[in-house]
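Summary of structural features
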Amino acid sequence: SYYIITATAGHDTTSAAIAGGMLSLLQNPDQLKRLQDDMSLLPTAVDEMIRWVSPVTHFMRTATEDYTIRNTTIKAGESVLLSYPSGNRDEDTFTDPFKFDVGRTPNRHLAFGFGIHYCLGAMLARMEMRTFFNELIPRIKTMELAGDYAHIHTTFVGGLKRLPVTYSLK
């Protein structure tokens, strides 16, 4: 069962992050150009794509003890919603959190979770994304949306259902 969870979780989340990262670059052509001009930004660009997309939308947890955060006390036994997209836009953590920035450092996003629940496949996901974009970005001469994109309707792992693009290669 752990193998199935790892295989499906890694596939769905990484493919969602790659597609969402592509959409982010298309919607922010200045950042695509910046990356094309300086491929050394690829590791920070990948983490920004992951932060921006946040493929895992949320998890529910049950508090094991009373805990106070920002003047709100969560009692032991209460359910807590961890909203990754919200955490990844936290204005107390990120400078200009609603801007997609391929050079963002530091980038302490929570898309892979935290602590004992940190994603087992985080390093593999980053490697797969770096490999994909390292091969694609230098080859692109032009790229733009070729129609309407659509998101998968979900409450757990989100991503794109459709992302039509046109492109020309160098």
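To keep things clear, this report deals only with the structure shown in the data block.

The rules we used
- One numbering rule holds for all chains: residues counted from 1, following each sequence as written.
- Reporting of local features is limited, given that this is a predicted model, to residues whose pLDDT is at least 70; pairs of side-chain atoms are given and counted only at 80 or more, and all residues count toward the totals for whole chains, interfaces and linings.
- Note that the side-chain values use all heavy atoms of the structure and ignore hydrogens as well as water.
- Note on definitions: salt bridges are taken to be side-chain nitrogens of Lys or Arg within 4 Å of carboxyl oxygens of Asp or Glu.
- Only DSSP runs of H or I reaching four residues or more are called helices, and only runs of E reaching two or more are called strands; each is numbered from the N terminus.
- Working definition: with a 1.4 Å probe on protein chains only, accessible area under 20% of the residue-type maximum means buried, over 50% means exposed, and in between means partly exposed.
- Centre distance within 6.5 Å is the pairing criterion for rings of Phe, Tyr and Trp, where only the six-membered ring of Trp is used; planes under 30 degrees apart are then read as stacked, over 60 as edge-to-face, and the remainder as tilted.
- Two conditions define a charge located above a ring, namely a distance within 6 Å from the ring centre to NZ of Lys or CZ of Arg, and an angle within 35 degrees of the ring normal.
- Whether two residues are in contact is decided by their heavy atoms: any pair within 4.5 Å suffices.
- By this rule, a helix spans an expected 1.5 Å times one less than how many residues it contains.
- For our purposes a nonpolar core is just a set of buried Ala, Val, Leu, Ile, Met, Phe, Trp, Tyr and Cys residues, chained together by side-chain atoms within 4.5 Å.

Points about the pattern of salt bridges
Under the defined criterion, the tally for this structure stands at eight salt bridges. Where aspartate 90 meets arginine 70, a salt bridge forms, and the shortest distance between an N and an O atom there is 3.4 Å. With a gap of 20 residues between them, aspartate 90 in the loop between helix H4 (84–87) and helix H5 (122–136) and arginine 70 in the loop between strand S2 (67–69) and strand S3 (72–74) connect regions that are remote in the sequence. Since its relative accessible area comes to 19%, aspartate 90 is described here as buried. For arginine 139, the salt bridge goes to glutamate 135, with nearest N and O atoms at 2.9 Å. Through salt bridges with shared partners, a single ionic network connects Glu48, Arg51 and Arg104.

Topic: the packing of aromatic side chains
With the rule as written, the count across this model stands at five aromatic pairs. An angle of 90 degrees between the planes, with centres 5.3 Å apart, marks the rings of phenylalanine 59 and phenylalanine 156 as edge-to-face. One end of the pair, phenylalanine 59, is in strand S1 (residues 58–62); the other, phenylalanine 156, is in the loop between strand S6 (150–151) and strand S7 (160–162), with 97 residues separating them in the sequence. Among the aromatic residues, those joined into a ring-pair cluster are Phe59, Tyr84 and Phe156. The ring centre of phenylalanine 94 lies 5.0 Å from the NZ or CZ of arginine 51, which sits over that ring.

A look at the environment of threonine 155
Here threonine 155 shows up in the loop between S6 and S7. Take threonine 155: its relative accessible area is 61%, and that puts it in the exposed class. Sequence spacing of threonine 155 and threonine 131 is 24 residues, and the spatial spacing of their C-alpha atoms is 29 Å. Those residues in contact with threonine 155 that sit more than four places away from it in its chain are Thr57 and His58.

Digging into helix H3 (residues 42–53)
For H3, built from 12 residues, the straight-helix expectation of 16 Å at 1.5 Å per residue is met to within 8% by its first-to-last C-alpha distance of 16 Å. Among the residues of H3, those classed as buried are Leu42, Ala45, Val46, Asp47, Glu48, Met49, Ile50 and Arg51. Positive backbone phi, approximately 45 degrees, marks serine 54, located one or two places after H3.

Points about the nonpolar core
Of all hydrophobic cores here, the largest spans 24 residues; its most connected members are Leu25, Leu35, Met49, Ile50, Met129, Phe133 and Ile137. Going through the elements one at a time, helix H1 (2–27), helix H2 (29–37), H3, H5 and strand S5 (140–145) are the ones with two or more residues in this core. Those residues in contact with isoleucine 137, other than ones at most four positions away along the chain, are Leu25, Leu32, Leu35, Gln36 and Met39.

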